[in-house]
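Geometric and topological summary
Each chain is listed here by its residues.
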Amino acid sequence: MEQKKKTGTTYLNPYLGGFCFGLVLLATFVITGRGMGASGAVKSTVVEAVSTVAPAHAEKSAYYSKFLSDNAHPMNTWLVFESIGILAGAFLSGLLFNRLKFKVEHSPKITSKRRLIFALAGGALFGIGSQLAKGCTSGAALSGMAVLSLGGFITMMAIFGTAFVFAWVFKKNWI
Amino acid sequence: MGVIPESWNNVFAVLLGMGFGFVLEGSGFSSSRKIIGTFFGYDFVVLKVFFTAAITAMIGLLYLSHIGWLDFSLLYIHPTYLASAIIGGIVMGMGFAMGGYCPGTSFCGIAIGKIDALLFVAGLFIGVLIFSEAFPLLEKLYNSGNLGHKLVSDSLGISKSLFAFLLTVVAIGMFFGATWLERKVKKVEY
Amino acid sequence: MDRRYTILALIAIILAAGLLIIPDKGKTKEMEPEKLLSAVNDQARFITTDAVTERIIGGDPTLQLIDVRPADQFNKFALPGAISIPLDSILSQTWQDVLQQPGKDKVFYSNGDVEADAAWQLCTRAGTRKVFVMKGGLNYWYNTIIKGAEPSNTASSEDLDQYSFRQAAKLYFTGGSPAEERRTYINEDAPEPAKVKVNVVKKAPAKSSGGGC
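This text gives an overview of the structure that appears in the document. No experiment lies behind these values; they were computed from the predicted model shown.

Moving on, we come to the interface of chain B and chain A. Across the boundary between the two partners, chain B contributes 109 residues, which contact 109 residues of chain A. The leading source of residues in the side of chain B that touches chain A is helix H1 (residues 9–27) of chain B, at 18 residues.

Shown next as structure tokens:
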């Protein structure tokens with residue numbers, strides 16, 4: 001008897017997905033000598049935006065000036081292109097597995113509005129944290145771990161440990 | 001590493017990013033409730049994908065280094081700034097628990113139309129802006145505890161290969177544990 | 001389902017274990033840039049053509065001349081006792097035994113001294129000890145020893161000694177044909193030039209030669 005899935009969608013086997021992800025990461029290291037990243041693209045965009053809107057301020061600032069033209073590291077643009085690729089690849093996958101749909105994903109126990117507020121706040125915190133740690137889960141944690149970086153492991157443990165605690169604090173939002 | 005001519009770099013960036021995005025979305029990382037499942041025990045996909053990817057890449061890099069195809073010393077090792085790594089990680093963890101995303105997965109979420117992912121990314125921009133403006137206050141923390149490009153295997157005093165082996169064993173142990181736990185935990189509709 | 005995962009898990013563990021067994025060819029110990037820089041500035045790596053000549057004549061066993069020019073040039077002419085290791089293969093596995101010999105001073109030479117110096121830099125960075133560069137190379141050696149420009153009237157006594165030494169060395173290298181006119185320089189004002197004596201100083205093998213290794 002054929003079992004038909006009424007709801008739910010097909011996902012890749014996580015180990016297969018992880019393995020392929022690892023291969024992509026490996027290829028990135030071999031080709032560029034550096035790992036991947038995502039928060040870097042956001043940072044580059046912010047720096048560019050600020051320097052366009054308020055160039056004098058950007059140059060004076062201790063933080064923006066690090067990433068502006070003369071000191072610009074080619075990796076900054078690389079990450080932006082990579083992020084475009086992420087969007088494209090994810091879109092393809094969503095298309096393939098029929099997951100394309102505009103929606104606000106939230107636990108039935110809360111409203112959409114609450115979910116959106118938390119998403120925004122969570123993003124802001126993550127933005128701050130990723131700058132402090134100079135990377136996010138992809139850049140610092142994952143890529144860092146792949147090259148056995150001590151900082152990578154520390155950041156990974158800090159993120160997941162803290163997330164574990166706070167997930168239970170905000171349990172109502174999720175389950 | 002200069003294997004490819006400069007002009008191709010960005011092309012590869014897009015291609016590699018597409019691989020990243022495809023695999024991530026395909027594994028379900030575009031869904032915040034699925035991602036958060038690791039912390040409640042109903043879906044350990046994050047654990048499985050993350051650690052499988054880490055050990056695959058790690059073992060791959062070490063093999064390439066051992067046979068001489070790759071010079072490990074030329075790889076970029078994420079530098080260790082002790083205090084900011086920990087505190088940054090904690091702040092990110094909070095953001096993760098509240099938003100259910102990280103930057104990479106939020107991009108995946110946006111790509112398939114998740115509005116909450118969009119708000120998360122908006123938050124990211126705001127967060128980066130806040131940090132940049134507040135940098136003078138945070139500068140000291142940002143730069144503190146610089147141990148350089150330190151390897152975890154060096155801190156433990158073991159070889160890279162031994163560490164990779166041990167991590168593989170630990171990861172596999174976690175996978176079996178996760179599978180066992182998933183069966184025991186109450187099912188959640190998401 | 002479970003059995004498949006168990007097999008995959010075992011494969012992963014075996015792969016990881018393989019890392020421990022396969023020898024690590026990636027480990028090349030390199031000298032730190034600062035040390036290399038100070039060694040380069042040190043100049044202690046240079047050996048004069050005269051010093052080399054002296055050691056050749058004296059049959060100094062601790063001298064190992066290495067010709068870094070292309071093989072065909074080596075075959076046309078080379079200094080006595082030199083072996084040929086062309087510059088582009090200086091770091092290859094084949095020559096490691098020769099280059100790592102502890103008791104010998106490895107002196108690189110080329111036509112000028114640029115290639116020899118390059119060889120020195122490569123080897124020093126890779127950690128090879130007791131490597132030197134013959135200053136001026138074959139060209140200078142040839143010009144001073146074989147061609148041997150006569151010193152001027154106002155030359156100092158060191159210059160005179162040097163000239164005499166070189167002339168004697170020339171005889172050694174060219175076989176001293178009877179037709180060769182042996183010209184001694186006579187300077188009325190200067191004291192009688194001492195009889196040419198090629199001093200063979202057997203250098204102790206453990207001579208420390210700086211170089212900042």
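Anyway, onward from the coordinates.
Examined against the element boundaries, C:Ala71 turns out to sit in helix H4 (residues 71–76). Filtering out sequence-adjacent residues up to four positions away, C:Ala71 remains in contact with C:Ser84 and C:Pro86.

All right, on to the nonpolar core then. Formed by 121 residues in total, the largest nonpolar core has its most connected members in A:Leu25, A:Ala90, A:Ala146, B:Ala54, B:Met58, B:Leu61 and B:Ala164. Two domains each put at least three residues into this core: domain 1 (12–101) and domain 2 (104–175) of chain A. Ignoring sequence-local partners within four residues, the contact set of B:Met58 consists of A:Ala146, A:Leu148 and B:Ala164. C:Leu65, C:Ile66, C:Val107 and C:Trp141 belong to the second-largest nonpolar core, a separate cluster that totals 25 residues.

To continue, consider the packing of helix H6 (residues 112–133) of chain A against helix H4 (residues 82–99) of chain B. In the contact formed by H6(A) and H4(B), the axes pass within 7 Å of each other and the chain directions differ by 165°. If you check the angle between H6(A) and H4(B), you find them roughly antiparallel. For the pair H6(A) and H4(B), the sense of crossing is left-handed. Here A:Phe118, A:Ala119, A:Ala121, A:Gly122, A:Gly123, A:Leu125, A:Phe126, A:Ile128, A:Gly129, A:Ser130, A:Leu132 and A:Ala133 of H6(A) lie close against H4(B), whose contacting residues are B:Ser84, B:Ala85, B:Ile87, B:Gly88, B:Gly89, B:Val91, B:Met92, B:Met94, B:Gly95, B:Phe96, B:Met98 and B:Gly99. Its residues assigned to classes, the contact of H6(A) with H4(B) comprises 15 nonpolar, nine polar and no charged.

Residues and elements named next belong to chain C. Every second residue of strand E5 (residues 131–134) is oriented toward a common face, with Val131 and Val133 on one face and Phe132 and Met134 on the other, all of them buried. Relative to E5, strand E1 (residues 46–47) runs parallel, the two sharing two bridges. In the strand pairing of E5, Phe46 is matched with Val133. Judged from the three bridges that link them, strand E4 (residues 105–109) and E5 form a sheet pairing that is parallel. Bridge pairing in E5 links Val107 to Phe132. Handedness of the crossover joining E4 and E5 through helix H6 (residues 114–125): right-handed.

This next bit is on the pairing of E4(C). Residue and element names in this part refer to chain C. Most of E4 is tucked away, with five of its five residues classed as buried. Here E4 shows no split at all, with Asp105, Val107 and Tyr109 on one side and Lys106 and Phe108 on the other all buried. As paired strands, strand E2 (residues 63–67) and E4 are joined by five bridges and run parallel to one another. Looking across to E4, one finds that Leu65 is bridged to Val107.

The rules behind each value
- Numbering of residues begins from 1 in every chain and follows the order in which that chain's sequence is written.
- Going through the entries in the order they are written, you letter the chains from A and number the ligands from 1.
- In view of the model being predicted, local features appear only for residues whose pLDDT reaches at least 70, and side-chain atom pairs are presented and counted only at 80 or more, with totals across whole chains, interfaces and linings using the full set of residues.
- A pair of residues counts as a contact when their C-beta atoms, built from backbone coordinates, are within 7 Å of each other.
- For helices the rule is a DSSP run of H or I covering at least 4 residues; for strands it is a run of E covering at least 2, with both sets numbered from the N terminus onward.
- Working definition: the nonpolar core is a set of buried Ala, Val, Leu, Ile, Met, Phe, Trp, Tyr and Cys residues, joined through C-beta atoms within 7 Å.
- Any residue with 12 or fewer other C-beta atoms within 10 Å of its own C-beta is exposed, any with 20 or more is buried, and the rest are partly exposed; the C-beta atoms used are placed from the backbone.
- An automatic or database domain assignment supplies the residue ranges for each domain.
- In this description, a line fitted to the C-alpha atoms serves as the axis of each element, helices being fitted only across the stretch in contact, and the angle between N-to-C directions of two axes falls anywhere from 0 to 180 degrees.
- Any angle between 65 and 115 degrees counts as roughly perpendicular, while under 35 counts as roughly parallel, over 145 as roughly antiparallel, and the rest as oblique.
- What makes a crossing left-handed is the near helix being turned counterclockwise from the far one by less than a right angle; a clockwise turn instead makes it right-handed.
- For this scheme, ten residues count as nonpolar: Ala, Val, Leu, Ile, Met, Phe, Trp, Tyr, Cys and Pro. Four count as charged, namely Asp, Glu, Lys and Arg, and the remainder, Gly too, count as polar.
- Strands were regarded as paired on the criterion that DSSP finds at least two bridges between them.
- Crossovers are described as right-handed under a simple rule: with the strands pointing away from the observer, the path leading from the first strand over the helix to the second runs clockwise.

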